[in-house]
Amino acid sequence: MTMRWVKVLLIVAIIAALSAFAGFRYWQSRLEAPIAIEESTIYEVPRGASFDQVMGDLDERGIIAEAWPFRLLVRVFPDELPALRAGEFMLEPGMSGRKVIGLLGSDNVVTYPLTIPEGWTFEQMRVLLAAAPKLQHSTAKMSDAEVMAALGHPGEHPEGRFFPDTYQYHKGISDLEILRQAYQRMEKTLAAVWAERDDGLVIDSAYEALILASLIERETGVDGERHRIAGVFERRLERGMRLQTDPTVIYGLGDDYDGNITRADLRRSTPYNTYVIPGLPPTPIAMPGRAALEAAVHPAEGDALYFVATGDGGHHFSSTLREHNAAVQRYILNRR
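Residues numbered from 1 in each chain as written. Predicted model: local features only at pLDDT ≥ 70, side-chain atom pairs only at ≥ 80, totals over all residues. Heavy atoms only, no water.

Asks: Let's hear about unusual backbone geometry: which residues, and what values?
Replies: At Lys-134, a residue that is not glycine, the phi angle is positive and equals roughly 75°. In this structure, Lys-134 sits in the loop between helix 5 (122-131) and helix 6 (144-150). Positive phi values are uncommon outside glycine, yet Gln-244 reaches one of about 50°. Here Gln-244 lies in the loop between helix 9 (226-239) and helix 10 (246-253). Using a relative accessible area of 37% as the deciding quantity, one classes Gln-244 as partly exposed. (Helix = DSSP H or I, 4+ residues; strand = E, 2+ residues; numbered from the N terminus. Buried < 20%, exposed > 50% of the residue type's maximum accessible area, 1.4 Å probe, protein only.)

Asks: Please give an account of the side chain of His-315 that cites residues and values.
Replies: Tracing the backbone through its elements, the reader meets His-315 in strand 6 (residues 315-318). At a separation of 3.4 Å, a polar atom in the side chain of His-315 contacts the main-chain carbonyl oxygen of Glu-219. Those residues within four positions of His-315 in sequence are excluded, and the remaining contacts are Glu-219, Thr-220, Glu-225, Ile-229, Phe-307, Val-308, Ala-309 and Thr-310. (Polar contact = N/O pair within 3.5 Å; in protein donor to acceptor, adjacent residues only side chain to side chain. Contact = heavy atoms within 4.5 Å.)

Asks: How would you summarise helix 4 (residues 97-104) if you had to cite specific residues and measurements?
Replies: All buried positions along helix 4 are accounted for by Gly-97, Val-100, Ile-101, Leu-103 and Leu-104. For helix 4, the angular spread of the buried residues around the axis is 160°, confining them to a single face. (Arc of directions from axis to C-beta.)

Asks: Please provide a residue-by-residue account of the confidence of the model for the chain, values included.
Replies: This prediction gives the chain a mean pLDDT of 87; 86% of its residues lie at or above 70. Low pLDDT, under 50, characterises residues 16-24; the stretch is placed with 0 contacts to residues that sit more than four places away or in other chains. (pLDDT = per-residue confidence, 0-100.)

Asks: Provide a residue-level description of the environment of Ala-304, including the pertinent values.
Replies: Inspection of the secondary structure assignment puts Ala-304 in the loop between helix 12 (290-297) and strand 5 (306-309). Under the relative-accessibility criterion, Ala-304 is labelled buried at 12%. Those residues within four positions of Ala-304 in sequence are excluded, and the remaining contacts are Val-232, Arg-235, Phe-317, Ser-318 and Ser-319.

Asks: Could you give an account of the pattern of salt bridges, with specific residues and numbers?
Replies: In the structure shown here, the tally under the stated rule is 11 salt bridges. Between Glu-156 and Arg-161 there is a salt bridge, and its shortest N-O distance comes to 3.5 Å. The shortest N-O distance in the salt bridge between Arg-290 and Glu-294 comes to 2.9 Å. Within this pair, Arg-290 and its partner Glu-294 are both found in helix 12, separated by 4 residues, close to a single helical turn. (Salt bridge = Lys/Arg side-chain N within 4 Å of Asp/Glu carboxyl O.)

Asks: Run through the packing of helix 9 against helix 12, naming residues and quoting values.
Replies: In the contact formed by helix 9 and helix 12, the axes pass within 8 Å of each other and the chain directions differ by 40°. The angle between helix 9 and helix 12 falls in the class oblique. For the pair helix 9 and helix 12, the crossing hand works out as right-handed. Residues Arg-226, His-227 and Ala-230 of helix 9 lie in contact with helix 12, whose contacting residues are Ala-291, Ala-292, Glu-294, Ala-295 and Ala-296. Across the contact of helix 9 with helix 12, the residue classes break down as 5 nonpolar, 1 polar and 2 charged. (Axes fitted to C-alpha atoms, helices over the stretch in contact; angles between N-to-C directions. Parallel < 35°, antiparallel > 145°, perpendicular 65-115°, else oblique. Left-handed = near helix turned anticlockwise from the far one by under 90°. Nonpolar A, V, L, I, M, F, W, Y, C, P; charged D, E, K, R; others polar.)

Asks: Summarise the nonpolar core; cite the residues concerned and give the values.
Replies: Core analysis: the biggest nonpolar cluster contains 54 residues, and Met-125, Phe-162, Leu-179 and Ile-216 have the highest contact counts within it. Counting only elements with at least two residues in this core, the list comes to strand 3 (111-115), helix 5, helix 6, strand 4 (166-170), helix 7 (175-195), helix 8 (206-219), helix 9 and helix 12. Here this core takes 9 residues from helix 7, the largest share from any one element. Excluding anything up to four places from it in sequence, Leu-179 contacts Phe-122, Met-125, Leu-129, Thr-139, Val-147, Leu-151 and Phe-162. One finds Met-55, Phe-89, Met-95 and Val-109 within the second-largest nonpolar core, a separate group that totals 20 residues. (Core = buried A, V, L, I, M, F, W, Y, C linked by side-chain atoms within 4.5 Å.)

Asks: Please give an account of the environment of Pro-46 that cites residues and values.
Replies: Within the element layout of this structure, Pro-46 appears in the loop between strand 1 (41-45) and helix 2 (51-60). Residue class for Pro-46 comes out partly exposed when judged on its relative accessible area of 44%. Sequence separation of Pro-46 and Ala-86 is 40 residues, and the distance between their C-alpha atoms is 5.4 Å.

Asks: Before we move on, can you summarise the side chain of Arg-236 with the specific residues and values?
Replies: For Arg-236, the position within the fold is in helix 9. In this structure Arg-236 is buried but unpaired, with Glu-219 as the nearest side chain of opposite charge at 9.6 Å. If we ignore the near neighbours within four places in the chain, the residues touching Arg-236 are Met-241, Arg-242, Leu-243, Gln-244, Leu-305 and Tyr-306. (Lys, Arg positive; Asp, Glu negative; His and termini not counted.)

Dropping the structure here:
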């Protein structure tokens, strides 16, 4: 081979190398190019979608300029790329296509908050779950008993068993999973609170503490009153006095409650009416928060046996029936 041909081959090799390098650089620039969105955008990877299908969809929507650089990437480096995950992902302006691929293969899916307020009933919780967008409504046609069985707690009454809090979920998660989380959180919280209870309480089980806490939760939302109301209930239980708390009347009435409690309602015999039954009702009447649970096991000392709403969110506490009746009269006059 002559020197001339050696030079020709060398030039060809150099040109080929430069072309390959230029091609590689262009390929990399396409991968690193910003996606074409101007505001935060939710993109959903459908369940079962292949990498090629997702890249084609991003291309068709104009989010990426071309699909080929990414299809080439998965063929050249198949072991270095994460498998795409089904779900919703938040694309942000300025993200590169390569970062999008990383995002779509991560656990960083879009989540939604669902807040269960303290003092709500299980029925209200179920309505909230049924209305939650993006949630898979697995329990829609289940009875309360079937829900508890599906959670692995057959025969348990559901009221009060779920901890009121804010839960995060992503599209496609089942409402059973939210219920399972809330149940476990209440179980854990109740066990922790019961373990730190005062000595000598009238109540003798964690479940009775849960029932009592639900009454406290429904009676007041004032932080400074929960322990005082718990003290009143504790002393009434010690003396064998009926608790006579209106929320139990309302709960016992169920759908018959029209917003007002009459004298006939107070005398109406239901399993929950503490004007009629002695001691605690058979189950909680609502979902208590941690503050109410702690009040139930740490009742305030004192001599008050009665309390009545003052109309401003608080209560007047009395140690005698005479004082209590006077406070009730003042409340009636103030309402007029």
